[in-house]
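Coordinate inspection notes
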Amino acid sequence: MYRGQYGIRWTFFVTGLAIIGLGIALMLRGKQFGLSSWDVLHYGLWKQFGLSIGLWSILMGIVVVLLTILITRQYPRVGVFVNMLTIGTFIDIFNGLLPDAHSFAAQLMTYTAGIVIMTFGIALYITPQLGAGPRDTFMLLLIERTRFDLKTARTIMELVVLLIGWLLGGPVSVGTIIITFMLGPFIQLWLPYTRKLLEIWVKAEHAQ
């Protein structure tokens, strides 16, 4: 892979992570509809102990990465660390920039927009295949070290995280269920477009 193509892939990767941060910040404006399991945990930790939601995202990522390193005795790919630091940073940036949504209609609109934007960001960041996030890396480790298949391992991990977050006061509602079951299909809808976009950028770089 030559330098120009590598740079394009990293651009897609980091831009996707920033867009995920924007999507989560928008969803936080309509948090009464419920957040994803990990964001329920981050919100609950923020509610109980302060700091910020983005910082808790980073701290929990560090915990997961350290557990992965201790178990495997190997360092994850650099993309894991970039993922861990970038999403939490952009959550806090956009949380500080976006206005609050006060009415029910405004909260529903920002929440729905957040889901659409977040899933596009996920598709964009996984398209260049520069490494999964710390939580997905840990999930793959569970699959490798147990007899669980991907669906079972992810379900167990998500439910445990969701329960802890809920006990800490994180917002769980109908949106949490929608995200749990519809996140994959939404990402799958975006992937053909993000892959095509990457292909166009790479071809344009080749043509220069």
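Quick caveat, the model's predicted, so the values are computed rather than measured.

**Quick notes on the environment of Ile-93**
With respect to the element layout, Ile-93 can be found in helix 4 (residues 78-97). Judged by relative accessible area, Ile-93 falls into the partly exposed class, the value being 38%. Sequence spacing of Ile-93 and Thr-68 is 25 residues, and the spatial spacing of their C-alpha atoms is 28 Å.

**Digging into the nonpolar core**
Counting residues in each nonpolar core, the largest one holds 26 residues, and the members touching the most others are Ile-20, Ile-24, Met-27, Leu-28, Met-118 and Ile-122. Of all the secondary structure elements, the ones that give two or more residues to this core are helix 1 (3-29), helix 2 (37-49), helix 4, helix 5 (104-126) and helix 8 (174-207). The element that contributes the greatest number of residues to this core is helix 1, accounting for seven residues. Trp-38, Leu-45, Val-64 and Leu-141 belong to the second-largest nonpolar core, a separate cluster that totals 13 residues.

**A look at the pattern of salt bridges**
Throughout the structure, instances matching the rule amount to two salt bridges. With a shortest N-O distance of 4.0 Å, Lys-196 and Glu-199 are connected by a salt bridge. In this pair, Lys-196 and Glu-199 are both assigned in helix 8, three residues apart and thus about one turn of the helix distant.

**Re the layout of surface pockets**
When its volume is computed, the largest pocket comes out at roughly 1400 Å³. When residues of the lining of the largest pocket are assigned to their parent elements, the largest contribution, 10 residues, is made by helix 8. Among the residues making up the lining of the largest pocket, the classes are represented as 24 nonpolar, 12 polar and six charged.

**Quick word on a nonpolar patch on the surface**
A cluster of nonpolar side chains, Val-174, Ile-177, Ile-178, Phe-181 and Met-182, forms an exposed patch at the surface whose accessible area comes to about 490 Å². Checked against the element boundaries, Ile-177 lands in helix 8. According to the relative accessible area criterion, Ile-177 is exposed, its value standing at 51%.

**Details of the UniProt feature "transmembrane region" (unreviewed entry) in the protein**
UniProt records the feature "transmembrane region" (unreviewed entry) for residues 7-28, 48-71, 78-98 and 104-127 in the present numbering. Within residues 7-28, the helical portion is 100% and the strand portion 0%, while the C-alpha atoms at the span's ends are 32 Å from each other.

**Considerations on the packing of aromatic side chains**
As enumerated under the stated definition, the model contains nine aromatic pairs in all. Pairing Phe-12 with Trp-201 gives two aromatic rings, centres 5.3 Å apart and planes at 90 degrees, and the pair type is edge-to-face. Of this pair, Phe-12 sits in helix 1 while Trp-201 sits in helix 8; the two residues are 189 residues apart in sequence, bridging distant segments of the chain. With relative accessibility at 4%, the residue Phe-12 sits in the buried group. Residue classification places Trp-201 among the partly exposed residues on the basis of a relative accessible area of 41%. When the ring of Phe-33 is compared with that of Tyr-111, the centres are 5.5 Å apart and the planes differ by 50 degrees; the resulting orientation is tilted. Here Tyr-111 lies in helix 5 and Phe-33 lies in the loop between helix 1 and helix 2, a separation of 78 residues in the sequence. Exposure remark for Phe-33: the relative accessible area of 12% places this residue in the buried category.

Conventions we followed
Residues numbered from 1 in each chain as written. Predicted model: local features only at pLDDT ≥ 70, side-chain atom pairs only at ≥ 80, totals over all residues. Heavy atoms only, no water. Helix = DSSP H or I, 4+ residues; strand = E, 2+ residues; numbered from the N terminus. Buried < 20%, exposed > 50% of the residue type's maximum accessible area, 1.4 Å probe, protein only. Core = buried A, V, L, I, M, F, W, Y, C linked by side-chain atoms within 4.5 Å. Salt bridge = Lys/Arg side-chain N within 4 Å of Asp/Glu carboxyl O. 1 Å grid on protein atoms, 1.4 Å probe; cavity = no way out; pocket = protein on both sides within 12 Å on 5 of 7 lines; lining within 4 Å. Points joined across faces, edges and corners; volume = space filled by probe spheres on them. Nonpolar A, V, L, I, M, F, W, Y, C, P; charged D, E, K, R; others polar. Patch = residues over 30% accessible without salt bridge, like charges linked within 9 Å, V, L, I, M, F, W, Y side chains within 5 Å. Areas by Shrake-Rupley, 256 points an atom, 1.4 Å probe, with all protein chains shown as cover. UniProt positions renumbered as here; feature names shortened; annotations may be inferred. Phe/Tyr/Trp six-rings, centres within 6.5 Å; stacked < 30°, edge-to-face > 60°.

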